[in-house]
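Notes for the structure review
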Amino acid sequence: MKLLSLLLAMALGPVTRVSAGPAVVECWFVEDAGGGRLAKRPAALLLRQGPGEPPLRSDLDPELYLKVRAVLTVVTHTPTTQIRLGRDALLDLSFAYMPPTPETTASLAPGPPPFGLEWRRQHLGKGHLLLAATPGLGGQMPASQDGAVAFATWDDNEPWGPWTGNGTLWLPSVRPFQEGSYLATIHLPYLQGQVTLELAVQKPPKVSLMPAPLVWAAPGEVPPELLCLVSHFYPPEGLEVEWELRGGPEDSFQKAKGQSWLSALRHHSDGSVSLSAHLQPPPVTAAQHGARYACRVHHPSLPALGRSAQVTLEVAGLSGPSLEDGIGLFLSAFLLLGLLKALGWAESTVTALTTILGKPPSSLA
């Protein structure tokens, strides 16, 4: 195996276990080209669990193998983050630095070296600097954007290393324009490492169905138009609305018949959107009494079954008295009884006054 003096800067995604054989990680390394110059080249890193060297690959010339020592590693455990609209987001970033040789360590001051941290966002072909920090160094840094805060610090303070650091980014109250690719770069003297993270913003829709709770219709008549409100969701893409008819003669489950359509999107100040789905059912039959119309919504932010709302179809002339009807009759009877008692009390009072005064009721006025 060919021995070269070089520095390896690695940018890794989530760390995964390798059950058998070596794992291949695409990376790049910075090589000491002599004369104070550095050369950066792409590479494929072979990782193997346990002691020993990884086996040679038959498709590569043995002269191409390099025995290297990683000195800067940049890692994230959240390469893809999905956050609910309006909530805070944490983009994980950690890094480690090991001086390449004991001679290098002896020439440096005790403690971890100064470093620089950059976070950039790219979305829809546009990119800009979100945050830059140089802990331990002077100089004016540009103000962070979107209220972003980074935990830019070394986690330990050993005099000669190795050292680990934290560059996690905190974004408060995430809005839709903040989703996209985030590039985190760690800068050390003569070294840099970079990793890319993806941030996706979601908000599940609220679903309601009108008129509710009952739809009244006589046999052969067309029931009222059903209105399904799908409100405050994000992203706008990927929304599907299905109409279902449940129950009926055989307690069946089927796609609802009738004419259906969707309204245009309505945009809200928080970046979410809403729309309404409409269904005009066909004329009803007596056998459909008690059936339920349901509006089912599918969206990337929802579970596989989606979210639904439903109303019950009541056919006129086939409904027995409900609990509400019984309560209404009881209250009416109670009020009528109270009125009769009040009239009886008034009549007895007038009669008593007539007896006392000896005058007919008409002359008391």
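For every chain, the first residue of the written sequence is number 1, and numbering continues from 1 along that sequence. Totals for whole chains, interfaces and linings use every residue, but because this is a predicted model, local features are given only for residues with pLDDT of at least 70 and side-chain atom pairs only at 80 or more, for both listing and counting. Remark: hydrogens and water are excluded; side-chain values derive from all non-hydrogen atoms of the structure.

One finds Leu93, Leu117, Trp119, Leu169, Leu171, Tyr182 and Leu199 to be the most contacted residues of the largest nonpolar core, which totals 34 residues. Secondary structure is summarised from DSSP: a helix means a run of H or I of at least four residues, a strand means a run of E of at least two, and numbering begins at the N terminus for each. Element by element, the count of residues in this core is highest for strand β17 (residues 191–202), at five residues. Residues within four places of Tyr182 in sequence aside, it is in contact with Leu91, Trp119, Arg120, Arg121, Leu130, Leu169, Leu171, Val195, Thr196, Leu197 and Leu199. Here, the term nonpolar core denotes a set of buried Ala, Val, Leu, Ile, Met, Phe, Trp, Tyr and Cys residues that are joined through side-chain atoms within 4.5 Å. Each residue's exposure class comes from its accessible area (1.4 Å probe, protein chains only) as a fraction of the maximum for that residue type: buried when under 20%, exposed when over 50%, partly exposed otherwise. Counting 24 residues, the second largest nonpolar core, distinct from the first, contains Val207, Val215, Phe233 and Leu275. Pairs of residues are marked as contacts when any of their non-hydrogen atoms sit within 4.5 Å.

Moving on: unusual backbone geometry. Here the residue pair Met210 and Pro211 is connected by a cis peptide bond, since its omega of -5 degrees sits within 30 degrees of zero. Here Pro211 is to be found in the loop between β18 (206–210) and β19 (214–217). With omega at 5 degrees, the peptide bond leading from Tyr234 into Pro235 counts as cis. Within the secondary structure layout, Pro235 lies in the loop between β20 (226–233) and β21 (240–247). Despite not being glycine, Asp146 has its phi angle at roughly 60 degrees, a positive value. A residue is classified by how much of its surface remains accessible, and Asp146, at 29% relative accessible area, is partly exposed.

The topology assignment puts Asp270 in the loop between β24 (266–267) and β25 (273–280). Taking the C-alpha atoms as reference, Asp270 lies 7.8 Å from Gly86; in sequence the two are 184 residues apart. Residues within four places of Asp270 in sequence aside, it is in contact with Leu85, Arg175, Pro176 and Lys203. Whenever a nitrogen or oxygen atom comes within 3.5 Å of another N or O atom, the pair is scored as a polar contact, on the condition that within protein one atom can donate a hydrogen and the other can accept it, and that pairs from neighbouring residues in sequence are kept only if both atoms are in side chains. A polar contact is formed between the side chain of Asp270 and the side chain of Ser272, at a distance of 2.7 Å.

Another aspect to go through is the state of the cysteines. What is meant by a disulfide is a covalent connection between two cysteines, made through their sulfur atoms. Pairs of cysteine sulfur atoms within 2.5 Å are what we label disulfides. Within the structure shown, the criterion is met by one disulfide. Covalent S-S linkage joins Cys228 and Cys295, the inter-sulfur distance amounting to 2.0 Å. Of note, the bridge from Cys228 to Cys295 carries an S-S torsion of about -75 degrees and is left-handed in sense. Note that Cys228 is positioned in strand β20 and Cys295 in strand β26 (residues 292–298), a separation of 67 residues in sequence. The exposure class of Cys228 is buried, given its relative accessible area of 0%.

Right, let's get into the side chain of Arg246. Inspection of the secondary structure puts Arg246 in strand β21. Arg246 sits in the buried class, given a relative accessible area of 13%.

This paragraph deals with the packing of aromatic side chains. Any two of the Phe, Tyr and Trp rings considered here, Trp counted by its six-membered ring, make a pair once their centres fall within 6.5 Å; the pair's planes then place it as stacked at under 30 degrees, edge-to-face at over 60, or tilted in between. Inspection of the entire model under this criterion finds five aromatic pairs. Centre to centre, the rings of Phe95 and Phe115 are 5.1 Å apart; their planes meet at 55 degrees, and the pair counts as tilted. In this pair, Phe95 sits in strand β9 (residues 94–97) while Phe115 sits in the loop between α1 (102–106) and β10 (116–123), placing the two residues 20 residues apart along the sequence. In this pair, the class of Phe95 matches that of Phe115, namely buried. A centroid spacing of 5.3 Å and a plane angle of 70 degrees characterise the contact between Phe95 and Trp154, whose relative ring orientation is edge-to-face. On the criterion of sequence distance, the pair formed by Phe95 in strand β9 and Trp154 in strand β13 (residues 153–154) is long-range, its members being 59 residues apart. For the pair formed by Phe95 and Trp154, the shared burial category is buried. Pairwise contacts between aromatic rings join Phe95, Tyr97, Phe115, Trp154 and Trp163 into one cluster.

This part covers the confidence of the model for the chain. Confidence of the prediction at every residue is given by pLDDT, a number between 0 and 100. A residue-level look at the chain finds 68% of positions with pLDDT of 70 or above and a mean pLDDT of 78. Low pLDDT (under 50) marks residues 1–22, which in the prediction has 67 contacts with non-local residues, meaning those over four places away or in another chain.

Should DSSP find at least two bridges between two strands, the strands are regarded as paired. Pairing is antiparallel across the open sheet formed by three strands, whose spatial order is β8-β15-β12. The strands lining the two open edges of the sheet, one partner per strand, are β8 (89–91) and β12 (149–150). Examined bridge by bridge, β8 and strand β15 (residues 169–171) share three bridges and lie antiparallel to one another. By the bridge assignment, Leu91 is partnered in β15 with Leu169.

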